[in-house]
Amino acid sequence: MITEHALLPVIPGQEEAFETAFARARPIIASMPGFLTLSLSRSTEFPTRTFYSWSGTR
C-alpha cells in the first residue's frame, strides 16, 4: 500500500475555489487503478492550508 500526505498552500481568498476544483478532480483520481482512499481537510488554525491524503495499491 502507498500512502501520500501533503500540506497544500492555497492562495488567500481562493479556498472555496480550490475545494471546488478538487471536487471536480476527485472522480478522475478515484478512477485510477489501485485507488483506495482520498481525503482533503482544511486547517482550522490556518484556513489557507489544506491537508491532502491519498492511499492506493500502486
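Now for a look at the structure at hand. Every value quoted in this text rests on a predicted model; they were computed, and no experiment measured them.

Reading guide: rules and limits
- Residues numbered from 1 in each chain as written.
- Predicted model: local features only at pLDDT ≥ 70, side-chain atom pairs only at ≥ 80, totals over all residues.
- Heavy atoms only, no water.
- Pairing = 2+ DSSP bridges.
- Helix = DSSP H or I, 4+ residues; strand = E, 2+ residues; numbered from the N terminus.
- Axes fitted to C-alpha atoms, helices over the stretch in contact; angles between N-to-C directions.
- Salt bridge = Lys/Arg side-chain N within 4 Å of Asp/Glu carboxyl O.
- Buried < 20%, exposed > 50% of the residue type's maximum accessible area, 1.4 Å probe, protein only.
- Polar contact = N/O pair within 3.5 Å; in protein donor to acceptor, adjacent residues only side chain to side chain.

## Overview of the sheet that holds strand β1 (residues 2-9)
- What the 3 strands build is an open sheet, ordered β1-β3-β2; its pairing is antiparallel. Each of the sheet's edge strands pairs with one partner strand only, and the pair in question is β1 and β2 (35-42). Taken over all neighbouring pairs, the strand axes of this sheet differ in orientation by 10 degrees on average, direction set aside.
- Looking at chain direction, β1 and strand β3 (residues 49-56) are connected through 8 bridges and run antiparallel. The residue bridging L7 from the neighbouring strand is F51, located in β3.

## Section: the pattern of salt bridges
- A full pass over the atoms with the stated rule returns 1 salt bridge.
- Residue R42 is joined to E19 by a salt bridge in which the shortest nitrogen-to-oxygen separation is 2.9 Å. With R42 in strand β2 and E19 in helix α1 (residues 15-30), the pair connects residues that are 23 residues apart, well separated along the chain.
- Take R42: its relative accessible area is 32%, and that puts it in the partly exposed class.

## Considering the side chain of S53
- Relative to the elements of secondary structure, S53 occurs in strand β3.
- Overall, S53 belongs to the buried group, its relative accessible area being 12%.
- A distance of 3.2 Å separates the side chain of S53 from the side chain of H5, its partner in a polar contact.

On their own, these measurements won't tell you what the molecule is for.
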